[in-house]
Amino acid sequence: MSATGILKDGWLNECHYKRPDGSIIEYKLRTDPPEAIFWSTYKLKKSDIRIVTKGFDRAEAAALRQEILDSINAHEREHKEAIDAHRNSTNKALRRNASRKKS
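Residues numbered from 1 in each chain as written. Predicted model: local features only at pLDDT ≥ 70, side-chain atom pairs only at ≥ 80, totals over all residues. Heavy atoms only, no water.

1. Focus on the overall build of the protein chain
Working step 1: Counting secondary structure elements, the protein chain contains one helix and four strands.
Working step 2: The linear arrangement of helices and strands in the protein chain, starting from the amino end, is β-β-β-β-α.
Working step 3: Counting only contacts in the protein chain whose residues sit at least 6 apart along the sequence, the fraction spanning at least 24 positions is 32%.
Working step 4: When the accessible surface of the protein chain is summed, it comes to about 7700 Å², and 52% of that surface belongs to carbon and sulfur atoms. (Helix = DSSP H or I, 4+ residues; strand = E, 2+ residues; numbered from the N terminus. Contact = heavy atoms within 4.5 Å. Areas by Shrake-Rupley, 256 points an atom, 1.4 Å probe, with all protein chains shown as cover.)

2. A few points about the nonpolar core
Working step 1: If you look at the biggest cluster of nonpolar residues, it comprises 13 residues, and the most contacted ones within it are Tyr27, Leu29, Ile49, Ile51 and Ile68.
Working step 2: Among the elements that take part in this core, helix α1 (residues 58–102) stands out by supplying four residues, more than any other. (Core = buried A, V, L, I, M, F, W, Y, C linked by side-chain atoms within 4.5 Å. Buried < 20%, exposed > 50% of the residue type's maximum accessible area, 1.4 Å probe, protein only.)

3. A word on the pairing of strand β2 (residues 11–18)
Working step 1: Note: β2 against strand β3 (residues 24–30), six bridges, orientation antiparallel. Of the residues in β3, the one forming a bridge with histidine 16 is glutamate 26.
Working step 2: Connecting β2 to the antiparallel partner β3 that follows it, the hairpin turn spans five residues, and glycine 22 within it adopts a positive phi of roughly 95°. (Pairing = 2+ DSSP bridges.)

4. Considering the pattern of salt bridges
Working step 1: Enumeration according to the criterion identifies three salt bridges in this entry.
Working step 2: Close ionic contact of arginine 19 with glutamate 67 constitutes a salt bridge, the shortest N to O distance being 3.1 Å. Taken together, the residues span a long stretch of sequence, with arginine 19 in the loop between β2 and β3 and glutamate 67 in helix α1 at a distance of 48 residues.
Working step 3: Note on glutamate 67: relative accessible area 22%, which makes it partly exposed.
Working step 4: What you see here is one network of salt bridges that share partners, running through Lys80, Asp84 and Arg87. (Salt bridge = Lys/Arg side-chain N within 4 Å of Asp/Glu carboxyl O.)

5. Some points on unusual backbone geometry
Working step 1: Here the bond from aspartate 32 into proline 33 is cis, since omega is 5°, no more than 30 degrees from zero.
Working step 2: Within the secondary structure layout, proline 33 lies in the loop between β3 and β4 (49–51).

6. Here's the deal with the confidence of the model for the protein chain
Caution is warranted with low-pLDDT regions, since their predicted coordinates should not be read in detail.
Working step 1: Summary statistics for the protein chain give a mean pLDDT of 85 and a share of 89% for residues scoring 70 or more.
Working step 2: For the protein chain, the element scoring lowest by mean pLDDT is strand β1 (residues 6–8), at 63; β4 scores highest, at 95. (pLDDT = per-residue confidence, 0-100.)

7. Describing α1
Working step 1: Compared with an ideal rise of 1.5 Å per residue, which puts 45 residues at 66 Å, α1 spans 66 Å between its outermost C-alpha atoms and is within 8% of the ideal.
Working step 2: If you check which residues of α1 are buried, you get Ala61, Leu64, Ile68, Leu69 and Ile72.
Working step 3: The elements touched by buried residues of α1 are β2, β3 and β4.
Working step 4: Where α1 begins, one side-chain oxygen reaches toward the backbone nitrogen of alanine 59, 3.1 Å away; that side chain belongs to aspartate 57. (Expected span 1.5 Å × (residues − 1). Polar contact = N/O pair within 3.5 Å; in protein donor to acceptor, adjacent residues only side chain to side chain.)

Okay, structure coming up:
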């Protein structure tokens, strides 16, 4: 999944999702309000995703939007866990250094 894209007219364009079978799906993201895409507190919804790649019927497109949403959410969870682990190790080191200075 590539979250990089071009923000134009409230749409995050040219986003790509690589499926497990290797196929690449192009999609767009549009949030309401548009600036919510940058908010860490915004919970992305399936309806915020629009499939650009043609050739899917309505049911397939809905399943694909869910697959993309699940992928984005999994990536966000992994990113948050990595940041939390780094923050915890940094705080641990700061506490250790502070206790050494007191001694």
